[in-house]
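Spelled out from the first residue to the last, the chains are:
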Amino acid sequence: MSGADGAADLLVVGAPVYTADPARRWAGAVAVRDGRVAAVGAERDVAALRGPATRVLRLRGGLVLPGFHDAHVHPSIGGLELLACDLHEVEPAGYPAAVARYAADHPGAPWVEGGGWVMDAFPGGAPHRAALDAVVGDRPVFLASTDGHSAWVNSRALAVAGVTAATPDPPRGRIERDAAGEPTGALHEEAMNLVGDLVPDPGPAQREAGIELGQAHLHRLGVTAWQDALVSPETLAAYRAVAERGALTGRVVAAVKWEVADGDAQLATLPELTRTHTVGRLRATAVKHFQDGVFENRTAAMLDPYLDGDGAPTGNRGIGMLPPDELARVVTALDRAGFDVHVHAIGDRAVREALDAFQAAADANGRRDSRHQIAHLQFVHPDDRPRFRRLGVVANAQPFWACLDGYMRKLTLPFLDPERAGWQYPWASLRRAGAVLAFGSDWTVSTANPLLELEVAVNRVAPGDRGGEPFLPEERLDLPAALDAFTIGSAYALRLEADTGSIEPGKLADLAVLDRDPFDPAAGPIGDARVLATLIEGEPIHADPDLDLAG
Ligand SMILES: [Zn+2]
């Protein structure tokens, strides 16, 4: 409690403060009262707010910054995956053994379910059912790829689902097959559901446990707010249950999935669904639509065809999930209903179709204070880059992908001409063109650690390959621009910028404390920094045991 004398509840001193406030980027200390920033400035000025009951967090260097805001992340799925057969931290050669171990540890589970495998470990990006059959024959296995766009299943799962050589590819999906037409055990996009729909539902208790696990994971990494970028009605109910019992400590925007197959009926149900699930720190104000797939399995919607491995054009331009006029109609209706529309777009055609749809919405409804956004933005045609600012569309970027990793070297560059190869993840170009840049991890697709993400944004080199060649180095961001994208930029995408995202008097004291100052050239790689503490409204939600919070 704060005293009537205006004394602070908490002072944070002893480390530089990066505020993300363009009016005063740097300070020496922060004072907190009633959960809000009471003062930020030089340490001697801020220290004047110390009263007899004021706690002092005295740091020995490091950096204080606004809590990270992850603009595109899947903690509800991530938490469930932590509870399931989790392959994220497993080397590809160890996948079968990890699956066998999980199956042995869960003898009563009717399915072996989980995910986290990487496509670039397999020829053509497609793993084979035989490797799973060798370790689990008695039950079906369903394992999502780390990007969530493909599934690896065993023969038992195909049999249970009745998927055979005679099964046609479903709309917007593809069954991987051998020369004889037999399914080989990899299912892409909508084809995943042929088996995935049969996987037993985790149930409300498991979903809530998953959300709390995912949340704890993000808090340990300094994340105080996020957009859950794919929420089903069941997940939304679980979020509400967690929020209602006061256990939702992060600030969450839930992006409810637009189900293409369910069509316009959703326009009638979404307003009530989202209104009843906006409680505490949970706001269901966004709708998520996938306009395409991913490049690596040839489902990203491209303006020009994919090349074959020898540089010749194929007949394939990927999959646009909704025809452009249909997309424009849906986006216009959602805009009119007051939703922020969050479109997944990887290919340059999907990005253009999304921008065209936002243009159509603005033409029909007038410009309102929307936070429409396009996520991923792997290929952005140069002509489309200025449209983000003109239309007020947030560029929701995943910085970790902008490097020469296995996905880029093996599954992307060989199927592109040099011109389009150079259009990838154009963060600096978009920023120069005036776009609001928001950063998101897309965990569990990639790491949730914002410091590793920032390292790639700044260097365009994978942290696992630190001596390596930068990928399109002209698209590097400087550290302040990258930090701003992960704090105030993402806060804008989440409609939180009046309350969080920067350290300014009157804003909520959501803060992250690092063990070193990445602006200091002697501090080493950004991704090696650690989060010592995460504070929400001035209260530590995560703290290193060595940290002196007693003051
Ligand atoms: Zn995502």
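See the structure above.
Residues numbered from 1 in each chain as written. Predicted model: local features only at pLDDT ≥ 70, side-chain atom pairs only at ≥ 80, totals over all residues. Heavy atoms only, no water.

Caption draft 1: Up close: the coordination of the zinc ion. Those donors, His72 (NE2), His74 (NE2) and Asp442 (OD), are the protein atoms that reach the zinc ion, and they lie 2.1 Å from it. Each donor residue of the zinc ion belongs to the same chain, with the gaps between them written as H-x1-H-x367-D. Taken together, the residues His74 in the loop between strand E6 (68–73) and helix H2 (75–83) and Asp442 in the loop between strand E19 (437–439) and helix H16 (450–459) connect sequence positions 368 residues apart. For the pair His74 and Asp442, a shared accessibility class is recorded, and that class is buried. (Donors = N, O, S within 2.8 Å, 3.2 Å for Na, K, Ca; no water. Helix = DSSP H or I, 4+ residues; strand = E, 2+ residues; numbered from the N terminus. Buried < 20%, exposed > 50% of the residue type's maximum accessible area, 1.4 Å probe, protein only.)

Caption draft 2: Local environment of the sheet that holds strand E17 (residues 373–376). The sheet built from eight strands is open, its strands ordered E6-E13-E14-E15-E16-E17-E18-E19 with parallel pairing. The open sheet is flanked by E6 and E19, the only strands paired with a single partner. When the angles between neighbouring strand axes are averaged without regard to direction, this sheet yields 25 degrees. Bridge count between E17 and strand E18 (residues 394–397): three bridges; the pairing is parallel. In the strand pairing of E18, Ile374 is matched with Ala395. Each of strand E14 (251–257) and strand E15 (282–290) is contacted by helix H9 (residues 265–275), which is oriented at about 165 degrees to E14, the strand it contacts most. (Pairing = 2+ DSSP bridges. Axes fitted to C-alpha atoms, helices over the stretch in contact; angles between N-to-C directions. Contact = heavy atoms within 4.5 Å.)

Caption draft 3: Molecular detail of the sheet that holds strand E9 (residues 141–145). Within the open sheet, the six strands sit side by side as E7-E8-E9-E10-E12-E11. Their pairing is mixed. What marks the edges here is a single partner per strand, and that holds for strand E7 (85–86) and strand E11 (173–177).

Caption draft 4: Focus on unusual backbone geometry. Residues Trp443 and Thr444 are joined by a peptide bond in cis, for which omega reads 15 degrees. Looking at the element boundaries, Thr444 is found in the loop between E19 and H16. The backbone of Ala20 shows a phi angle near 60 degrees, a positive value even though the residue is not glycine. Along the polypeptide, Ala20 turns up in the loop between strand E1 (10–18) and strand E2 (26–33). Phi is positive for Arg298, which is not a glycine, with a value near 65 degrees. Position of Arg298 among the secondary structure elements: in the loop between E15 and helix H10 (324–336). Looking at Arg298, the relative accessible area reads 18%, which means it is buried.

Caption draft 5: Representation of the nonpolar core within the structure. Counting residues in each nonpolar core, the largest one holds 95 residues, and the members touching the most others are Ile374, Leu377, Phe388, Trp427, Phe439 and Leu454. With seven residues, helix H11 (residues 348–365) is the largest single contributor of residues to this core. Setting aside its immediate chain neighbours within four residues, Phe388 contacts Val351, Leu355, Ile374, Leu377, Val380, Val393, Val394, Ala395, Leu430 and Ala435. Formed by 20 residues, the second largest nonpolar core is a distinct cluster that contains Ala15, Val17, Ile503 and Leu511. (Core = buried A, V, L, I, M, F, W, Y, C linked by side-chain atoms within 4.5 Å.)

Caption draft 6: Here's a closer look at H16. Taking burial as the measure, the 10 residues of H16 include eight buried ones, the bulk of the element. For H16, the complete set of buried residues consists of Pro450, Leu451, Glu453, Leu454, Glu455, Val456, Ala457 and Val458. Contacts from the buried residues of H16 go to E6, strand E13 (223–231), E19, helix H17 (479–493), strand E20 (511–514) and strand E21 (531–536). The opening residue of H16 is Asn449, an N-cap whose side-chain oxygen sits 2.8 Å from the backbone nitrogen of Leu451. (Polar contact = N/O pair within 3.5 Å; in protein donor to acceptor, adjacent residues only side chain to side chain.)

Caption draft 7: Spotlight on the packing of aromatic side chains. Applying the stated criterion across every chain yields a total of 14 aromatic pairs. Consider the rings of Trp401 and Tyr425, whose centres lie 6.4 Å apart with planes at 70 degrees: the pair is edge-to-face. Here the residue Trp401 occupies a position in the loop between E18 and helix H13 (406–411), and Tyr425 occupies one in the loop between helix H14 (418–421) and helix H15 (427–432), the gap between them amounting to 24 residues. Since its relative accessible area comes to 15%, Trp401 is described here as buried. Under the relative-accessibility criterion, Tyr425 is labelled buried at 3%. Through pairs of rings, three or more aromatic residues link up here, namely Tyr95, Trp117, Phe122 and Trp152. Between Lys288 and the ring centre of Phe290, over which it is positioned, the NZ or CZ distance is 4.1 Å. The side chain of Arg298 reaches across the aromatic face of Phe415, ending 3.8 Å from its centre. (Phe/Tyr/Trp six-rings, centres within 6.5 Å; stacked < 30°, edge-to-face > 60°. Lys NZ or Arg CZ within 6 Å of the ring centre and 35° of its normal.)

Caption draft 8: Highlighting a nonpolar patch on the surface. Residues Leu82, Leu83 and Leu213 make up a contiguous nonpolar surface patch of roughly 210 Å² in combined accessible area. Among the structural elements, Leu213 can be located in helix H7 (residues 204–220). In this structure Leu213 comes out as partly exposed when scored by relative accessible area, which is 33%. (Patch = residues over 30% accessible without salt bridge, like charges linked within 9 Å, V, L, I, M, F, W, Y side chains within 5 Å. Areas by Shrake-Rupley, 256 points an atom, 1.4 Å probe, with all protein chains shown as cover. Salt bridge = Lys/Arg side-chain N within 4 Å of Asp/Glu carboxyl O.)

Caption draft 9: Representation of the pairing of strand E16 (residues 340–345) within the structure. Burial analysis of E16 places six of its six residues in the buried class, which makes it a mostly covered element. Here E16 shows two buried faces, one formed by Asp340, His342 and His344 and the other by Val341, Val343 and Ala345. Pairing between E15 and E16: five bridges, direction parallel. Paired with Phe290 across the strands is His344, a residue of E16. With H10 bridging E15 and the parallel E16, this β-α-β connection has right-handed handedness. (Right-handed = clockwise from strand over helix to strand, strands pointing away.)

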